[in-house]
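# Chains, contacts and geometry: an overview
Each chain is listed here by its residues.
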Amino acid sequence: MGKVEGVIFDWAGTAVDFGCFAPVRVFMDIFENAGVPVTADEARKPMGLLKIDHIREMLNMPRITAAWEDTKGRAWTEEDVHSLYAEFEPALLDSLHRYADPIPGVPETVRTLRERGVKIGSTTGYTDRMMAIVASGAKEKGYEPDAIVTPDDTGAGRPYPYMIHRNMALLGLLDAGAVVKVGDTLSDIREGRHAGVWSVGVVTGSSEMGMSQEEFSELDRPGQEAAIRKTESAFREAGADFTIRTMEALPDLIEEIETMLADGKRPGSARE
């Protein structure tokens, strides 16, 4: 049987911070302060990118571009991007300690994978300073990957594959076909595809779904199923090899991938 040697997790919305709420409120606040209010859906759409790139993508959205021009009487500039980010970063740093709780099932799943000899890496849209806060809080609560790579380490964030490649170097992983990337945003899926690894979208707790634990729990069963199916569809359209509803399903999926590897299948074959 083929062997999966490494799993690389995203952080917010995948391993910690159910629903990926830490950045959303801050993005909304800084645009509100600039006189150009944005919705939560608009703030979430570029999620997974390096945060300054995220701001740039938001400004490029046609509605926000038009609203900015109406409010400011001019098009946005790179100076505006950096001004918004200068407000964003300290506000996020002040709040991150409240969003470091592991998502239910993550510590147990990681323990199971390690017992099978799988190495655990991670990528993120957070900077080194942001990750120092999140990683410390998560470690206290039972989650600590073997490697943490940020865009500061590679010079580029998602959807570029360099953070995954850096994880592979740090963990001594030779074959991309033996590596699985698990994330909760479309940027995560694209990152995995560009790196040539198996790309998996986790649904419950994801930024793509965009619900808190309470909001999801309050839905009736048909409502939960509809939210799950919509998120799964978005991941598949972005090119995910697989989706899982919760992190507890990952060990069984790893076994399925190992069977595919033994049959000579490679990342991307599940989409054919």
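Residues numbered from 1 in each chain as written. Predicted model: local features only at pLDDT ≥ 70, side-chain atom pairs only at ≥ 80, totals over all residues. Heavy atoms only, no water.

## Overview of the sheet that holds strand β2 (residues 119–122)
Read from one edge of the open sheet, five strands run β2-β1-β3-β4-β5, paired in parallel fashion. What marks the edges here is a single partner per strand, and that holds for β2 and β5 (242–244). Going across the sheet, the axis of each strand differs from the next one's by a mean of 25°, ignoring polarity. By the bridge criterion, four bridges tie strand β3 (residues 179–183) to strand β4 (residues 198–202) in an arrangement that is parallel. Its bridge partner being in β4, V180 is matched across the sheet by W198. On top of the sheet, helix α10 (residues 186–195) reaches β3 and β4; it is set at about 170° to β4, its chief contact. Together, β1 (6–9), β3, β4 and β5 form the strand contacts of helix α13 (residues 250–262), whose direction differs from that of β5 by roughly 160°. (Pairing = 2+ DSSP bridges. Helix = DSSP H or I, 4+ residues; strand = E, 2+ residues; numbered from the N terminus. Axes fitted to C-alpha atoms, helices over the stretch in contact; angles between N-to-C directions. Contact = heavy atoms within 4.5 Å.)

## Considering the pairing of β4
In terms of burial, β4 is a largely internal element, five of the five residues being buried. Here β4 shows no split at all, with W198, V200 and V202 on one side and S199 and G201 on the other all buried. A crossover connection joins β3 to the parallel β4 through α10; in handedness this β-α-β unit is right-handed. With three bridges joining them, β4 and β5 adopt parallel strand pairing. (Buried < 20%, exposed > 50% of the residue type's maximum accessible area, 1.4 Å probe, protein only. Right-handed = clockwise from strand over helix to strand, strands pointing away.)

## Here's the deal with empty space enclosed by the protein
The rolling of a water-molecule-sized probe over the atoms marks out the regions of remaining empty space. For the coordinates displayed, the defined rule picks out one cavity of 30 Å³ or more. What lines the largest cavity is a set of 14 residues, and nearest its centre among them are D10, A12, C20, K51 and G125. Looking at the lining of the largest cavity residue by residue, the class counts come to six nonpolar, four polar and four charged. (1 Å grid on protein atoms, 1.4 Å probe; cavity = no way out; pocket = protein on both sides within 12 Å on 5 of 7 lines; lining within 4 Å. Points joined across faces, edges and corners; volume = space filled by probe spheres on them. Nonpolar A, V, L, I, M, F, W, Y, C, P; charged D, E, K, R; others polar.)

## Observations regarding the environment of T112
With respect to the secondary-structure elements, T112 resides in helix α6 (residues 106–115). The spatial distance from the C-alpha of T112 to the C-alpha of A240 is 23 Å, given a sequence separation of 128 residues.

## Some details on the packing of aromatic side chains
How two aromatic rings sit relative to each other is set out by the distance from centre to centre and by the angle between their planes. All chains considered together, the criterion is met by five aromatic pairs. A connected cluster of aromatic rings, assembled from ring pairs, spans F27, Y85 and F88. Here K72 stacks its cationic end above the ring of W68, 5.0 Å away from the centre of that ring. (Phe/Tyr/Trp six-rings, centres within 6.5 Å; stacked < 30°, edge-to-face > 60°. Lys NZ or Arg CZ within 6 Å of the ring centre and 35° of its normal.)

## Things to note about the side chain of T127
By the element assignment, T127 lies in the loop between β2 and α7 (128–140). If near-sequence neighbours (up to four positions away) are discounted, T127 is found in contact with L50, Y85, E89, T150 and D152.

## Details of the packing of helix α5 (residues 78–95) against α7
Their axes nearest at 10 Å, the elements α5 and α7 cross at an angle of 15°. Taken as axis vectors, α5 and α7 run roughly parallel relative to one another. The chirality of how α5 crosses α7 is left-handed. Contact residues: Y85, F88, E89, L92 and L93 in α5; R129, M130 and I133 in α7. Tallied by class, residues from the contact of α5 with α7 come to six nonpolar, no polar and two charged. (Parallel < 35°, antiparallel > 145°, perpendicular 65-115°, else oblique. Left-handed = near helix turned anticlockwise from the far one by under 90°.)

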